[in-house]
Amino acid sequence: VQLVESGGGLVQAGGSLRLSCVASGNTFSISAMGWYRQTPGKQRELVATITRGGNTNYVDSVKGRFTISTDNAKSTAYLQMNSLKPEDTAAYYCFIDEWRPGPPAKYWGQGTQVTVSS
């Protein structure tokens, strides 16, 4: 499975951005998709996930502001980010979990920078 991300950029506080993550290859085995984010000197943080069945989960700091979704084919994920704050500034990496007998395999996108100015 290959992942291509897009949609990052520079936005003022209070603004919105939408990230996209397009998966290609054996997408039928995707069990979940989501995003992590990372800033220099900080631990990587799981931002949002969505399972193939549509269950979503968010880190507390983005609840009510970010929404994760997928297309009907379950091969593209979107992260709608509203009411952005300077503390949302980070490199965002999408990932997919590929179902396998045993622990799922994880694949990563190339990352996209989100910068929120105050």
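Let us now look at the sheet that holds strand E1 (residues 2–6). Taken in spatial order, the 4 strands of this open sheet run E1-E3-E8-E7, and their pairing is antiparallel. Both outer strands of the open sheet, E1 and strand E7 (66–70), are each paired with one neighbouring strand and no more. Averaged over all pairs of adjacent strands, the angle between their axes in this sheet comes to 15°, without regard to strand direction. Note that E7 and strand E8 (residues 76–81) share 5 bridges and pair antiparallel. Across the sheet, residue Ile68 finds its bridge partner in E8, namely Leu79.

So, on to the packing of aromatic side chains. One pass over the full model with this rule turns up 3 aromatic pairs. Centre to centre, the rings of Tyr36 and Phe95 are 5.3 Å apart; their planes meet at 55°, and the pair counts as tilted. Of this pair, Tyr36 sits in strand E4 (residues 30–38) while Phe95 sits in strand E9 (residues 90–98); the two residues are 59 residues apart in sequence, bridging distant segments of the chain. Across the pair, exposure class does not vary: Tyr36 and Phe95 are buried alike. On the numbers, 5.8 Å between centres and 50° between planes, the contact of Phe95 with Trp108 is tilted. Of this pair, Phe95 sits in strand E9 while Trp108 sits in strand E10 (residues 105–108), placing them 13 residues apart in sequence. One aromatic cluster is present, built from ring pairs that chain together Tyr36, Phe95 and Trp108. Its guanidinium or amino end placed over the ring of Tyr36, Arg44 lies 4.6 Å from that ring's centre, counting from NZ or CZ.

A few words on the pattern of salt bridges. Scanning all chains against the criterion turns up 6 salt bridges. Residue Asp88 pairs with Arg65 through a salt bridge whose shortest N-O separation is 2.7 Å. Placement of the pair is Asp88 in the loop between E8 and E9 and Arg65 in the loop between strand E6 (56–58) and E7, with a sequence separation of 23 residues. For the residue pair Asp88 and Arg65, the accessibility class agrees, reading buried in each case. Across the pair Lys106 and Asp97 runs a salt bridge, and its minimum N-O distance is 2.8 Å. By relative accessible area, Asp97 is classed as buried at 13%.

Turning next to the state of the cysteines. Scanning the model with the defined rule gives 1 disulfide in all. In this model, Cys21 is linked to Cys94 through a disulfide, with the two sulfur atoms separated by 2.1 Å. The disulfide joining Cys21 to Cys94 has a torsion of about 55° about its S-S bond and is therefore right-handed. Of the two residues, Cys21 is situated in strand E3 (residues 17–24) and Cys94 in strand E9; the sequence distance between them amounts to 73 residues.

Conventions used here
Residues numbered from 1 in each chain as written. Predicted model: local features only at pLDDT ≥ 70, side-chain atom pairs only at ≥ 80, totals over all residues. Heavy atoms only, no water. Pairing = 2+ DSSP bridges. Helix = DSSP H or I, 4+ residues; strand = E, 2+ residues; numbered from the N terminus. Axes fitted to C-alpha atoms, helices over the stretch in contact; angles between N-to-C directions. Phe/Tyr/Trp six-rings, centres within 6.5 Å; stacked < 30°, edge-to-face > 60°. Buried < 20%, exposed > 50% of the residue type's maximum accessible area, 1.4 Å probe, protein only. Lys NZ or Arg CZ within 6 Å of the ring centre and 35° of its normal. Salt bridge = Lys/Arg side-chain N within 4 Å of Asp/Glu carboxyl O. Disulfide = S-S within 2.5 Å.

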